[in-house]
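Spelled out from the first residue to the last, the chains are:
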Amino acid sequence: MTHASSTAQTIDFFWRLPTHGDISTVRRPQSTRGDWWPLRDGNQAPGLLHGEPDGSSYIDHLAQIAKAAEISGFQGGLIPSFPMTDDPWVIAAHLARETKTFRFMLAFQPGFLNPVEAARMSATLQRVSGDRMLFNIITGGGGPAQLWWGDRFSHDDRYGRTTEFLDIFKGVWKGDGPFDYDGRFYQVEQGRLPQALAATGLPEIYFSGSSDAALASASKHADFYLSWLEPFDQVAEKFARVKARTAALGRRIRCAIRVDIIARPTEEEAWADVKAGFESLGPERRDAFRQSGGDSVGVSRQAGYRPADAQRYEDLIIAPNLWAGFSLLRGGPAIGIVGSYEQAAQKLDELIGLGADGFILAGTPHLEEAYRIGEEVLPLVTGKGRIERAGLRAVG
């Protein structure tokens, strides 16, 4: 098989690894892949053979997705972390043995580990993977999900804790000599990593959060500021805010977008899948869509961009090729891209023009869509002249 591939580029493309199971089609958003629910006919990884599990495992399926993304032009993949997922650290360690160049972006909430131990674990994973680890730092959206972790800190305190955590994480790894720290949340005396661990590469940090407290922490520590997709004028304003804060500290930050895509050969085919998925939903799912819990500013912003009582899928079209109903079809951000391959690539190019330096993309089902987006959409992204593309290369 041959396909166009990017071998040198200034725009980073990551895929998403669904650590909570997957669905087989957006037309019928019912979970059928993985062992997070009772097995039934039609399930995969594991499936049923003569009424019994067929011996396949979901971690094998995740390895297939990682390999598909790797050979389709993605630099790596986001490994999400929620109460209903496997642990990203363990998943990354396993998949590192299944891939060659694929990088693993671990979603991680500081505060759940001691920062010195987190540095040691990260450096060890860097050693075994060949420096292929990076972080998506998330600080939590409050509400019941945050309490599940036993975390009762207030919104702004969580971001203050994240800042201190990253101060120490970097200090014991790359500091000059033993590291001391006396903060509100953490205290460390003579902290350091052994030389073999300290010699590994410090993981890049993608930082999520939309509040002022989040932007203050991101401007100090993040390599990439990561945002869910929003209306493009809001994306530009958010990027400008975080870049101004970072520049005031004498640093430079890059920006990235997390977005789902439904791309098909024609726009009509893409919207037909959206329509079928929307019309297959029951009233309970639609009611849950109208509600949001916790104190996440990002989630509140997403809810504000959509009508409160959408009766048709068209009611959630907020701009050409932008649909605000993705979280009806699966968990996660509400706004995504819908259109032909060319239109999807054009939207990514528009975001690059607004200052996006990277993307975490996703599509359902993740295995098949990694090939589709990698082979049909990414080669059409010009990157406003910032992407250098090689010719065809043989794969497999």
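Values in this document were obtained by computation on a predicted structure and should not be read as measured data. (Residues numbered from 1 in each chain as written. Predicted model: local features only at pLDDT ≥ 70, side-chain atom pairs only at ≥ 80, totals over all residues. Heavy atoms only, no water.)

Each helix and strand counted, the protein has 14 helices and 21 strands in total. With 396 residues in all, the protein has 54% of them scored as buried. (Helix = DSSP H or I, 4+ residues; strand = E, 2+ residues; numbered from the N terminus. Buried < 20%, exposed > 50% of the residue type's maximum accessible area, 1.4 Å probe, protein only.)

All right, on to the nonpolar core then. In terms of nonpolar packing, the biggest core is built from 83 residues, with F13, L229, L348, F359 and L361 touching the most fellow members. If we skip the residues at most four places from it in the chain, L348 touches F13, I261, I337, F359, L361, V377 and V381. In this structure, I262, Y313, L328 and L329 belong to the second largest nonpolar core, which totals 15 residues. (Core = buried A, V, L, I, M, F, W, Y, C linked by side-chain atoms within 4.5 Å. Contact = heavy atoms within 4.5 Å.)

So, about the pattern of salt bridges. In this structure the tally under the stated criterion is 21 salt bridges. Ionic pairing is found between D157 and R184, a salt bridge with its closest N-O pair at 2.8 Å. Pair noted here: D157 is in helix α5 (residues 155-174) and R184 is in the loop between β11 (179-182) and β12 (187-191), with a separation of 27 residues, a long-range link. Close ionic contact of K220 with D167 constitutes a salt bridge, the shortest N to O distance being 3.0 Å. Placement of the pair is K220 in helix α7 (residues 212-221) and D167 in helix α5, with a sequence separation of 53 residues. (Salt bridge = Lys/Arg side-chain N within 4 Å of Asp/Glu carboxyl O.)

Let's shift gears to the packing of aromatic side chains. Counted according to the given criterion, the structure contains 17 aromatic pairs. Judged by centre distance (5.8 Å) and plane angle (65°), the ring pair of W89 and F135 falls under edge-to-face. Here W89, found in helix α2 (residues 88-96), pairs with F135, found in strand β10 (residues 133-137); they are 46 residues apart in sequence, far enough to count as distant. As far as the burial class goes, W89 and F135 line up, both buried. (Phe/Tyr/Trp six-rings, centres within 6.5 Å; stacked < 30°, edge-to-face > 60°.)

Quick look at the environment of W37 now. Relative to the helices and strands, W37 resides in the loop between β5 (31-33) and β6 (48-49). C-alpha separation for the pair W37 and G21, spaced 16 residues apart in sequence, amounts to 8.9 Å. Excluding residues within four positions of it along the chain, W37 makes contact with H20, G21, D22, S31, T32 and N43.

What follows concerns helix α8 (residues 232-248). The end-to-end C-alpha distance of α8 is 25 Å, a good match for the 24 Å that 17 residues give at a rise of 1.5 Å each. Listing the buried residues of α8 in full gives F232, V235, K238, F239, V242 and T246. The buried side chains of α8 occupy one side of the element, clustering within an arc of 120° when seen end-on. Summarising the geometry of α8, the exposed residues directed more than 90 degrees from the buried face are D233, A247 and A248. (Expected span 1.5 Å × (residues − 1). Arc of directions from axis to C-beta.)

We now examine the pairing of strand β15 (residues 254-264). With respect to burial, β15 is a largely interior element, eleven of its eleven residues being buried. Every second residue of β15 is oriented toward a common face, with R254, A256, R258, D260, I262 and R264 on one face and C255, I257, V259, I261 and A263 on the other, all of them buried. Since strand β14 (residues 224-228) and β15 lie parallel, the crossover through α8 that links them has a hand, and here it is right-handed. In the sheet, β15 pairs with strand β19 (residues 356-362) via six bridges, with the strands oriented parallel. Along β19, the bridge assignment pairs I257 with F359. (Right-handed = clockwise from strand over helix to strand, strands pointing away. Pairing = 2+ DSSP bridges.)

Turning next to the packing of α5 against α7. With their axes 9 Å apart at the nearest point, α5 and α7 run at an angle of 10° to one another. By the angle between their directions, the pair α5 and α7 is classed as roughly parallel. On the side of α5, the interface is formed by H155, D156, Y159, T162, T163, L166, D167 and K170, while α7 contributes A213, A214, S217, K220 and H221. Across the contact of α5 with α7, the residue classes break down as four nonpolar, five polar and four charged. (Axes fitted to C-alpha atoms, helices over the stretch in contact; angles between N-to-C directions. Parallel < 35°, antiparallel > 145°, perpendicular 65-115°, else oblique. Nonpolar A, V, L, I, M, F, W, Y, C, P; charged D, E, K, R; others polar.)

Take unusual backbone geometry next. Residue P46 follows A45 across a cis peptide bond; omega there is 0°. Across the junction of T364 and P365, the peptide omega takes the value 0°, indicating a cis bond. Here P365 lies in the loop between β19 and α14 (366-377). Of note, D131 is a non-glycine position whose phi angle comes to about 60°, a positive value. Accessibility expressed as a relative area gives 37% for D131, which makes it partly exposed. A positive phi is found at Q190, a non-glycine position, where the angle reads about 60°. Structurally, Q190 is set in strand β12.

Attention now goes to helix α1 (residues 58-71). Here α1 is 14 residues long and its end C-alpha atoms lie 20 Å apart, about the 20 Å a rise of 1.5 Å per residue gives. Of all the positions in α1, only Y58, H61, L62, A63, I65, A66, A68, A69 and E70 are classed as buried. Count one or two residues on from α1 and you reach G73, which has phi positive near 105°.

Let's shift gears to the side chain of Q126. By the element assignment, Q126 lies in helix α3 (residues 115-129). Residue Q126 is classed as buried on the basis of its relative accessible area, which comes to 3%. When near neighbours in sequence (up to four residues on either side) are disregarded, Q126 contacts D131, R132, M133, W173, T200, G201, L202 and P203.

This brings us to the packing of α1 against α14. For the pair α1 and α14, interaxial distance at closest approach is 8 Å and the crossing angle is 5°. Of the possible angle classes, the one that applies to α1 and α14 is roughly parallel. Listed contacts from α14 to H61, Q64, I65, A68, A69 and I71 of α1 are H366, L367, A370 and Y371. Its residues assigned to classes, the contact of α1 with α14 comprises seven nonpolar, three polar and no charged.

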